[in-house]
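Analysis of the macromolecular model
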Amino acid sequence: MLTKDQVARYHEDGYVIPDFRLSTDKLERIKQLHGALLERHPEFKDYCNALLDYEPAFREFAEDPEILDMISQVIGSDLALWNMSFFAKPAHGGKRTPWHQDGEYWPIRPLATCTVWLAVDAATPENGCLKFIRGSHKDQRLKAHNRTDATDVTLNQELDPAAYNEDEAVDLVLEPGQISLHDVYLLHGSEANHSDKPRRGMTMRFMPTTSHFDRDLAKRKAETQKIRDQSKQKLFLMRGVDRTGRNLFEDA
Ligand SMILES: O=C(O)CCC(=O)C(=O)O
Ligand SMILES: [Fe+2]
């Protein structure tokens, strides 16, 4: 569980690093599953944004009761897992992630999600750890993004340079097995990996079921923003009930 102070930190800063460590066994299992996935799909060497479509076994890590307890402390006790991704950032050139707000990409209304970012390897400034701008989620608004057609990036929507000041960024330094939780409006990004160590990170994205995963909006966003069509996204109810009555879940 998060302490009262950690819950307050999450709301104040837009992220928190809980006292949590995934076991070495589970980390090894994640590395194995990911290694096998890359053998089948080498195109995901930098980034896979639909992990469960290609390897459903990853879901067990999002069913961890300790993690679900923490998520319910920050977004409430009715919650769904709607995405898992893998930012693999290999040694010697793993791609940068442009500065962005997650919400720019996602067809969830009202916009809400808590992301668990799990460090599979140690994440440091040298291998391109995530960088957050503390408190930048607070007005709960999306700022201007521009599309980038660069090929050395994981994502294609980039915050307008006038919307943030990189000097305010803090490094999210994590040991293997540690996690951070971050808000859907938080400004964040990461540099390329020029080191000789990989920086693998796995995400689990949870939304409160007071929000609607809008599949029509997903289609429109795919067209207008040239992002992946998320209209067929699999949603898993993890705790509680659907509060909107409009979300479509997979059978558990
Ligand atoms: O791992 C990265 O470099 C980016 C991760 C990210 O943007 C996210 O988890 O929302
Ligand atoms: Fe992100």
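Definitions and limits used
- Within each chain, residue numbers correspond to sequence positions counted from 1 in written order.
- Chains carry letters and ligands carry numbers; both start at the beginning, A for chains and 1 for ligands, and go up in the order they are written.
- Note on the predicted model: pLDDT of at least 70 is required for a residue's local features to be given, and 80 or more for side-chain atom pairs to be given and counted; whole-chain, interface and lining totals, by contrast, use all residues.
- Side-chain numbers here rest on the full set of heavy atoms in the structure, without hydrogens or water.
- Counting from the N terminus, the helices are the DSSP runs of H or I reaching at least four residues and the strands are the DSSP runs of E reaching at least two.
- Within these notes, the globule rule equals 2.2 Å times the number of residues to the 0.38 power, and the radius of gyration is based on C-alpha atoms.
- Two residues qualify as a contact provided that any one of their heavy atoms is within 4.5 Å of a heavy atom in the partner residue.
- Per-residue accessibility takes into account occlusion by the displayed protein chains alone, with areas from the Shrake-Rupley method and a 1.4 Å probe.
- Only four residue types enter the tally: Lys and Arg on the positive side, Asp and Glu on the negative side, with His and both chain ends excluded.
- Just so you know, the charge point we use is NZ for Lys, CZ for Arg, CG for Asp and CD for Glu.
- Nearness here has a simple test: a residue counts as near a molecule or strand if at least one of its heavy atoms is within 4 Å of that partner.
- Here a polar contact is recorded for every N or O atom pair within 3.5 Å, except that within protein the pair must consist of a potential hydrogen donor and a potential acceptor, and residues adjacent in sequence are included only if both atoms are side-chain atoms.
- Under the convention adopted here, Pro, Cys and the residues Ala, Val, Leu, Ile, Met, Phe, Trp and Tyr are nonpolar, Asp, Glu, Lys and Arg are charged, and Gly plus all remaining residues are polar.
- In this listing, donors mean N, O and S atoms no farther than 2.8 Å from the metal, or 3.2 Å for Na, K and Ca; water is missing from the atoms, so a site can look incomplete.
- Exposure classes here rest on a 1.4 Å probe applied to the protein chains alone. A residue is buried below 20% of its type maximum, exposed above 50%, and partly exposed in between.
- Whenever a pair of cysteine sulfur atoms sits within 2.5 Å, that pair is classed as a disulfide.
- Pairing between strands requires that DSSP locate at least two bridges from one strand to the other.
- Paired rings are identified among Phe, Tyr and Trp, the last through its six-membered ring, by centres lying within 6.5 Å, and are further divided according to the angle between planes into stacked (under 30 degrees), edge-to-face (over 60) and tilted (the rest).
- UniProt positions are given in the numbering used here, feature names are shortened, and annotations may be inferred rather than shown by experiment.

Bringing the overall build of the protein into the picture now. In terms of regular secondary structure, the protein is built from 5 helices and 15 strands. For 252 residues, the compact-globule formula gives about 18 Å, and the C-alpha radius of gyration of the protein, at 17 Å, lands near that figure. When its C-alpha atoms are laid out on the principal axes, the protein stretches across 50 × 45 × 40 Å. At a minimum sequence separation of 6, the contacts of the protein that also span at least 24 residues come to 84%. Carbon together with sulfur atoms contributes 48% to the accessible area of the protein, which is approximately 11400 Å² in total. Of the charged side chains in the protein, 34 are positive and 41 negative, and the gap between their average positions amounts to 3 Å.

Here the focus is the site of ligand 1. Around ligand 1, the surrounding shell consists of Phe87, Thr97, His100, Asp102, Trp117, Leu130, His182, His188, Ser190, Arg199, Thr203 and Arg205. Side-chain polar atom of serine 190 to an oxygen atom of ligand 1: 2.7 Å apart, as the coordinates give it. Side-chain polar atom of arginine 205 to an oxygen atom of ligand 1: 2.9 Å apart, as the coordinates give it. Protein contact buries 100% of the 290 Å² of open area that ligand 1 shows by itself. Residue assignment for the shell around ligand 1 shows that the elements contributing at least two residues are strand S4 (97-100), strand S12 (188-190) and strand S13 (201-208). Looking at the shell around ligand 1 residue by residue, the classes come out as 3 nonpolar, 6 polar and 3 charged.

His100 (NE2), Asp102 (OD) and His188 (NE2) make up the full set of protein donors to the iron ion (ligand 2), lying at 2.0 to 2.1 Å. Each donor residue of the iron ion (ligand 2) lies on one chain, and together they are spaced H-x1-D-x85-H. Residue class for aspartate 102 comes out buried when judged on its relative accessible area of 3%.

Turning our eyes to something else, we now look at the environment of glutamine 73. Structurally, glutamine 73 can be placed in helix H4 (residues 65-75). In contact with glutamine 73, other than residues within four places in its own chain, are Met1, Leu2 and Val7.

With that settled, consider the state of the cysteines. According to the stated counting rule, one finds 0 disulfides in the structure shown. Not engaged in a disulfide, the cysteine cysteine 114 finds its nearest cysteine sulfur in cysteine 129; these two sulfurs lie 19 Å apart.

It is worth spelling out the pairing of strand S11 (residues 179-183) at this point. Among the 5 residues that make up S11, 5 are buried, leaving the element largely enclosed by the rest of the structure. A two-sided burial pattern is seen for S11, the buried positions comprising Ile179, Leu181 and Asp183 on one face and Ser180 and His182 on the other. Examined bridge by bridge, strand S1 (residues 15-16) and S11 share 2 bridges and lie antiparallel to one another. Bridge assignment links tyrosine 15 to a residue of S11, and that residue is histidine 182. Sheet analysis places strand S6 (residues 114-119) next to S11, joined by 5 bridges and oriented antiparallel.

Looking now at the packing of aromatic side chains. Counted by the stated rule, this structure contains 7 aromatic pairs. The interplanar angle of 70 degrees and the centroid separation of 4.8 Å between the aromatic rings of phenylalanine 44 and tyrosine 54 together place this pair among those described as edge-to-face. Of this pair, phenylalanine 44 sits in the loop between helix H2 (24-40) and strand S2 (47-48) while tyrosine 54 sits in helix H3 (residues 51-54); the two residues are 10 residues apart in sequence, bridging distant segments of the chain. We classify phenylalanine 44 as buried; its relative accessible area is 12%. On the basis of relative accessibility, which here comes to 35%, the residue tyrosine 54 falls in the partly exposed class. Here the aromatic rings of tryptophan 82 and phenylalanine 213 are separated by 5.6 Å at their centres, their planes lie at 45 degrees, and the arrangement is tilted. In this pair, tryptophan 82 sits in strand S3 (residues 79-87) while phenylalanine 213 sits in strand S14 (residues 212-213), placing the two residues 131 residues apart along the sequence. Comparing tryptophan 82 with phenylalanine 213, the two get one shared label, buried. Among the aromatic residues, those joined into a ring-pair cluster are Trp82, Trp106 and Phe213.

Our focus in this paragraph is the UniProt feature "domain: Fe2OG dioxygenase" (unreviewed entry) in the protein. Per the UniProt record, "domain: Fe2OG dioxygenase" (unreviewed entry) is found at residues 76-208. Across residues 76-208, helical content stands at 0% and strand content at 38%; the span's end C-alpha atoms are separated by 7 Å.

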